[in-house]
2 protein chains.
Amino acid sequence: MKYTHHSLKAFTVEVFLKMGCPEDQAHLAAEVLIDADLKGVDSHGIARLPGYVSLWEKDRIVSTPNIEIVHETPSTAVVDGGGGLGLVVAPEAMKVAIDKAKIAGTGWVSVRNSNHFGTAGYHAMLAVENDMIGISMTNASPLVAPTFSAERLLGTNPIAVAIPALDQPPFLADFATTTVANGKIEVMKRKGQPIPQGWAQDLEGRPSTDPSCVEQGGALVPLGGTRQFGSHKGYCLGSIVDIFSAVFSGANYGPWVPPFVSFLEPSSNPVGKGIGHFFGAMRIDAFRPAEEFKTEMDRWITRFRNAKPAPGREQVLIPGDPERTTYKIREISGIPLLPVVIDSFNTLSSKFDLKLPRPIK
Amino acid sequence: MKYTHHSLKAFTVEVFLKMGCPEDQAHLAAEVLIDADLKGVDSHGIARLPGYVSLWEKDRIVSTPNIEIVHETPSTAVVDGGGGLGLVVAPEAMKVAIDKAKIAGTGWVSVRNSNHFGTAGYHAMLAVENDMIGISMTNASPLVAPTFSAERLLGTNPIAVAIPALDQPPFLADFATTTVANGKIEVMKRKGQPIPQGWAQDLEGRPSTDPSCVEQGGALVPLGGTRQFGSHKGYCLGSIVDIFSAVFSGANYGPWVPPFVSFLEPSSNPVGKGIGHFFGAMRIDAFRPAEEFKTEMDRWITRFRNAKPAPGREQVLIPGDPERTTYKIREISGIPLLPVVIDSFNTLSSKFDLKLPRPIK
């Protein structure tokens with residue numbers, strides 16, 4: 001069933017208000033989630049709402065966080081998220097980076113004591129509105145085994161980079177540093193199909209084609225898949241995200257990052273506070289006049305889009321194209337929700353005495 | 001045959017002096033190349049010396065470049081490399097980044113009008129000596145087809161990130177944003193073996209297992225290999241390197257990047273000057289006390305190194321470990337050179353009337 005993004009957003013705002021979030025933060029958090037659904041990134045949208053509520057009920061998310069700068073220089077800051085929703089902490093920290101960039105040319109903010117922040121891309125895009133390049137990354141609970149490891153030590157640790165153009169839409173890269181997202185493996189399991197070798201490994205650390213291998217204690221693997229195809233490079237990327245996000249800020253890193261699900265307990269010996277993020281904002285005109293840069297970006301984008309396609313392919317895509325296409329469709333025709341998500345919203349609506357959004361007929 | 005790094009460096013300095021490089025720049029350029037050979041990155045070491053000479057003979061490398069800052073803010077600069085050796089321009093630009101970081105917390109420098117700069121890792125490591133994290137990247141002549149493209153539009157566009165620790169050696173990631181380096185494909189060709197599917201594609205843009213496919217007009221593919229294994233993520237990474245290095249600075253980007261070999265002519269309609277690099281330096285104590293950060297890095301490194309290894313693997317490696325191992329060996333037992341490289345040095349020694357280094361007996 002499909003729902004208008006307005007109705008889903010209104011419901012989401014109500015849920016965050018019931019959690020005790022201040023009005024403006026409830027709206028911001030809902031906006032971040034709905035943006036993911038509109039872009040087709042269903043795994044990072046409102047389907048996660050019940051998860052946030054469960055963590056709040058366990059006192060693992062603070063709905064009225066004290067978000068503060070604890071250390072700074074002209075171009076850097078460390079922000080303590082006060083244990084709040086990452087959906088709220090992240091835009092706040094990105095704002096600090098943007099404000100620093102206005103004066104120093106660039107701004108770089110490492111964040112501790114936060115939680116899951118939705119899609120990295122949303123936060124990176126905040127810089128683009130200010131004629132800046134935006135960078136956004138976060139560590140995440142351990143689900144990925146480094147090259148040669150049988151153990152999970154890293155999260156899917158995504159990186160987003162948003163770059164403005166002139167007449168062309170912005171370049172927006174937003175990707176996990178693994179071969180595939182866990183969601184893709186779950187889809188194969190539902191279909192009863194084996195997964196390609198190079199997507200995941202089993203509990204012992206052997207490459208596996210069993211779509212249940214990750215939930216049975218195995219692991220996702222870094223971008224590249226196997227050593228032969230460069231998984232050590234994906235391992236480097238995931239590690240860099242972990243270190244910038246958490247070792248810079250004093251958050252938990254590596255295997256100590258607290259789980260995103262309320263039924264798994266965080267480490268009893270944490271090495272820091274909450275999870276960590278890292279944001280960057282680079283003012284275009286700190287390098288060259290913005291108009292000039294954006295004109296060249298238009299040429300870059302046009303040249304790549306017009307490249308001769310490989311057999312069976314229609315066109316070379318620019319990072320951000322697929323999400324823009326989905327956005328345009330869903331904005332008008334609505335956001336589809338899986339039955340399992342609708343059920344979980346039913347539970348929320350009973351719990352908080354809220355009216356469920358009505359599907360588009 | 002093997003040679004001491006001292007003798008090879010002395011020869012390399014002499015060659016650069018014959019090209020007309022100032023004394024200090026000849027030493028610096030030689031140091032950057034020999035460091036690559038010591039680390040086992042033979043493709044980026046002194047084997048490239050004849051290539052630099054040929055480009056200089058064609059007036060495509062300036063041996064006495066005017067390297068200057070053309071634009072700056074407290075935390076950023078654009079450097080014009082004056083058409084010089086990247087081996088000299090890059091450390092100079094990294095120094096600008098480091099000096100900015102000393103005052104503003106971080107420094108970010110985009111470079112135009114440069115040439116091949118050796119290994120990205122060498123330049124990133126310059127920051128580590130200053131208790132900073134170093135970042136280094138460069139674009140390169142087009143050899144890589146984006147996902148869904150039959151055309152080569154990107155270089156191997158490497159990224160290096162160097163992070164200091166306390167008692168542990170630094171974390172040093174340094175990798176091309178492709179599945180494999182071209183050198184690996186050449187090795188398979190010499191062995192007469194097919195390459196694994198996912199390393200390269202043919203002229204039409206079809207995945208190929210023919211080790212000659214790239215030299216016959218095909219292309220390397222972005223990290224990930226195929227769309228199914230995430231090559232669109234490698235394409236994002238290569239693009240980001242290209243844009244930061246060249247669109248920020250006004251260098252050539254994408255398919256317009258001039259070739260590294262003197263027998264191929266640069267584009268007659270360039271979109272910028274020379275090739276581009278991008279450097280970053282982040283002062284550790286712009287985020288948290290350096291000692292504290294480095295203590296946590298030791299814990300990070302130790303935890304990862306002691307992870308349970310996958311079957312048949314000895315240990316999880318930390319980025320930089322393999323190069324450190326080779327360095328220790330070659331520093332003592334010498335640097336092996338292929339016959340083809342020795343032949344090319346013979347030619348240089350005749351051309352410049354220089355004594356060849358003598359192999360270790």
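Please read all numbers here as calculations on a predicted model, not as lab measurements.

Undergrad: Is there a simple way to explain the overall build of chain A in this structure?
TA: Looking only at helices and strands, chain A features ten helices and twelve strands. Against the 2.2 N^0.38 benchmark of 21 Å for 361 residues, chain A shows a C-alpha radius of gyration of 20 Å, consistent with a compact globule. Taking the principal axes of its C-alpha atoms as reference, chain A extends roughly 55 × 50 × 50 Å. Across the 361 residues of chain A, 61% fall into the buried class. Taking contacts inside chain A between residues at least 6 apart in sequence as the whole, the part at least 24 apart equals 65%. When the accessible surface of chain A is split by element, carbon and sulfur atoms take 53% of a total near 13,800 Å². Between the centroid of the 35 positive side chains of chain A and the centroid of its 37 negative side chains there is a distance of 5 Å.

Undergrad: Even after reading the chapter, I still don't get the packing of aromatic side chains, so can you show me in this structure?
TA: Applying the stated criterion to the full structure yields 31 aromatic pairs over all chains. Their ring planes at 25 degrees and their centres at 6.2 Å tell us that A:Phe248 and A:Phe278 sit as a pair that is stacked. Here A:Phe248, found in the loop between α7 (231-247) and β11 (275-283), pairs with A:Phe278, found in strand β11; they are 30 residues apart in sequence, far enough to count as distant. When sorted by exposure, A:Phe248 lands in the same class as A:Phe278, which is buried. Ring plane angle 80 degrees and centroid distance 5.6 Å describe the contact between B:Tyr253 and B:Trp256, whose orientation is recorded as edge-to-face. B:Trp256 shares its class with B:Tyr253; the two are buried. An aromatic cluster of at least three residues, connected via ring pairs, comprises A:Trp108, A:Phe244, A:Phe248, A:Phe278, A:Phe287, A:Phe293, B:Trp108, B:Phe244, B:Phe248, B:Phe278, B:Phe287 and B:Phe293. In this arrangement the basic side chain of B:Arg299 is found over the ring face of A:Trp256, its NZ or CZ atom lying 6.0 Å from the centre.

Undergrad: Even after reading the chapter, I still don't get the confidence of the model for chain A, so can you show me in this structure?
TA: Parts of the prediction with low pLDDT should not have their coordinates interpreted in detail. The predicted model of chain A averages 97 in pLDDT, with 100% of residues at 70 or higher. Across the assembled chains, the prediction reports ipTM 0.98 with pTM 0.98.

Undergrad: Looking at this structure, I do not really get the pattern of salt bridges. What am I missing?
TA: A side chain of one charge can pair with a side chain of the opposite charge if their charged atoms are brought near each other. All chains considered together, the criterion is met by 40 salt bridges over all chains. A:Glu151 is the salt-bridge partner of B:Arg303, the closest N and O atoms lying 2.7 Å from each other. Of the two residues, B:Arg303 sits in helix α8 (residues 290-305) while A:Glu151 sits in the loop between β5 (132-138) and β6 (159-163), which places them in two different chains. Overall, the relative accessible area of 23% leaves B:Arg303 in the partly exposed class. Taken together, the shared-partner salt bridges in this structure form one network comprising A:Asp80, A:Arg112 and A:Lys273.

Undergrad: Honestly, the sheet that holds strand β7 (residues 171-175) of chain B in this entry has me stumped. Any pointers?
TA: Backbone-to-backbone hydrogen bonds join strands into a sheet, with any given pair of strands oriented parallel or antiparallel. Residues and elements named next belong to chain B. Judged by pairing direction, the sheet is mixed, and its seven strands sit side by side in the order β2-β3-β4-β11-β5-β6-β7 without closing on themselves. Bordering the open sheet on either side are β2 (68-73) and β7, each of which pairs with just one other strand. In this sheet, neighbouring strand axes are inclined to one another by 10 degrees on average, regardless of whether the strands run parallel or antiparallel. The pairing of strand β5 (residues 132-138) with strand β6 (residues 159-163) spans four bridges and is antiparallel. The residue bridging Met-137 from the neighbouring strand is Ile-159, located in β6. Against the sheet, helix α4 (residues 86-104) engages β2, β3 (76-80), β4 (106-114), β5 and β11 (275-283), with an angle of about 155 degrees to β4.

Undergrad: How should I be thinking about the relation of the copies chain A and chain B in this particular structure?
TA: Each of the two chain copies can be generated from the other by rotation about an axis followed by a shift along it. With an axial shift of 0.0 Å and an RMSD of 0.0 Å, the rotation relating chain A to chain B amounts to 180 degrees. Such a turn and shift between the copies fits a two-fold axis. Taking the C-alpha atom as reference, chain A places A:Gly224 closest to the rotation axis, 2.3 Å from it. An overlap of 100% is found between the interface residues of chain A and their copies at the interface of chain B, pointing to a shared contact surface.

Undergrad: Sorry if this is basic, but what is going on with a nonpolar patch on the surface here?
TA: On the surface, A:Val261, A:Phe263 and A:Leu264 cluster together into a nonpolar patch covering about 300 Å² of accessible area. Residue placement: A:Val261 occurs in the loop between α7 and β11.

Undergrad: Honestly, unusual backbone geometry in this entry has me stumped. Any pointers?
TA: Generally, phi is negative for residues other than glycine and the peptide bonds are trans, each holding for most cases. Notably, A:Asn157 is not glycine yet its phi reads approximately 25 degrees, a positive angle. Of note, the phi angle at B:Asp353 is positive, near 55 degrees, even though the residue is not glycine. Mapped onto the elements, B:Asp353 comes out in the segment after α10 (339-352). Residue classification places B:Asp353 among the exposed residues on the basis of a relative accessible area of 68%.

Undergrad: Explanation requested: the domain arrangement of chain A in the structure shown.
TA: Reports often express the size of an interface as the amount of accessible area lost when the parts come together. Residue and element names in this part refer to chain A. For chain A, the assigned domains read domain 1 (1-64 + 321-361), domain 2 (66-176 + 227-319) and domain 3 (180-220). Computed over C-alpha atoms, the centres of domain 1 and domain 2 are 23 Å apart. Between domain 1 and domain 2, the contact holds 25 residues from the first and 29 residues from the second. Roughly 2,200 Å² is buried in total at the junction of domain 1 and domain 2, and carbon and sulfur atoms are behind 59% of that figure. On the domain 1 side of the interface with domain 2, the three residues burying the most area are Val-32, Arg-60 and Asp-321, jointly 27% of the side's total. The tally of links from domain 1 across to domain 2 stands at two salt bridges. The salt bridge partner of Asp-321 is Arg-305, with a shortest N-O separation of 2.7 Å. At the boundary of domain 1 with domain 2, the tally comes to twelve residue pairs in polar contact (both at pLDDT 80 or more). Broken down by secondary-structure element, the contributors of at least two residues to the side of domain 1 that touches domain 2 are α2 (23-39), α3 (49-57) and α9 (321-333). The greatest single-element share of the side of domain 1 that touches domain 2, amounting to nine residues, is contributed by α2. Classifying every residue of the side of domain 1 that touches domain 2 gives 13 nonpolar, four polar and eight charged.

Undergrad: Got a minute to help me understand the nonpolar core in this structure?
TA: In summary, soluble globular proteins display a tendency toward joint burial of nonpolar side chains. A:Ile133, A:Phe244, B:Ile133, B:Phe244 and B:Trp300 are the most contacted members of the largest nonpolar core, which has 108 residues in total. Once residues within four sequence positions are removed from consideration, B:Ile133 is found in contact with A:Phe244, A:Phe248, B:Ala127, B:Val161, B:Ala162, B:Ile163, B:Pro164, B:Gly280, B:Ala281, B:Met282, B:Ile284 and B:Phe293.

Undergrad: Looking at this structure, how should I read helix α1 (residues 5-18) of chain A?
TA: An α-helical turn contains 3.6 residues, so a residue and the one three or four places further along point in the same direction. Residues and elements named next belong to chain A. For α1, built from 14 residues, the straight-helix expectation of 20 Å at 1.5 Å per residue is met to within 8% by its first-to-last C-alpha distance of 20 Å. Three or more residues of α1 are buried, namely His-5, Leu-8, Phe-11, Thr-12, Val-13, Val-15 and Phe-16. Gly-20 sits one or two positions beyond α1 and adopts a positive phi of about 100 degrees.

Undergrad: Can you help me understand the interface of chain A and chain B in this one?
TA: In this assembly, 94 residues from chain A lie in contact with 94 residues from chain B. Summing both sides of the interface, chain A and chain B together bury roughly 7,500 Å²; the carbon and sulfur share of this comes to 69%. The largest per-residue losses of area from chain A upon contact with chain B belong to A:Phe148, A:Phe248 and A:Phe287, which jointly make up 11% of the total buried on that side. Counting across the interface, chain A meets chain B through 34 residue pairs in polar contact (both at pLDDT 80 or more). A per-element tally of the side of chain A that touches chain B places α7(A) first, with twelve residues. In the side of chain A that touches chain B, the residues fall into 55 nonpolar, 24 polar and 15 charged.

Rules behind the numbers
- Residues numbered from 1 in each chain as written.
- Chains lettered and ligands numbered in written order.
- Predicted model: local features only at pLDDT ≥ 70, side-chain atom pairs only at ≥ 80, totals over all residues.
- Heavy atoms only, no water.
- Helix = DSSP H or I, 4+ residues; strand = E, 2+ residues; numbered from the N terminus.
- Rg over C-alpha atoms; globule rule 2.2 N^0.38 Å.
- Buried < 20%, exposed > 50% of the residue type's maximum accessible area, 1.4 Å probe, protein only.
- Contact = heavy atoms within 4.5 Å.
- Areas by Shrake-Rupley, 256 points an atom, 1.4 Å probe, with all protein chains shown as cover.
- Lys, Arg positive; Asp, Glu negative; His and termini not counted.
- Charge placed at Lys NZ, Arg CZ, Asp CG, Glu CD.
- Phe/Tyr/Trp six-rings, centres within 6.5 Å; stacked < 30°, edge-to-face > 60°.
- Lys NZ or Arg CZ within 6 Å of the ring centre and 35° of its normal.
- pLDDT = per-residue confidence, 0-100.
- Salt bridge = Lys/Arg side-chain N within 4 Å of Asp/Glu carboxyl O.
- Pairing = 2+ DSSP bridges.
- Axes fitted to C-alpha atoms, helices over the stretch in contact; angles between N-to-C directions.
- Least-squares fit on C-alpha atoms with pLDDT ≥ 70 in both.
- Patch = residues over 30% accessible without salt bridge, like charges linked within 9 Å, V, L, I, M, F, W, Y side chains within 5 Å.
- Domains from an automatic or database assignment.
- Buried area = accessible area lost by both parts, 1.4 Å probe.
- Polar contact = N/O pair within 3.5 Å; in protein donor to acceptor, adjacent residues only side chain to side chain.
- Nonpolar A, V, L, I, M, F, W, Y, C, P; charged D, E, K, R; others polar.
- Core = buried A, V, L, I, M, F, W, Y, C linked by side-chain atoms within 4.5 Å.
- Expected span 1.5 Å × (residues − 1).

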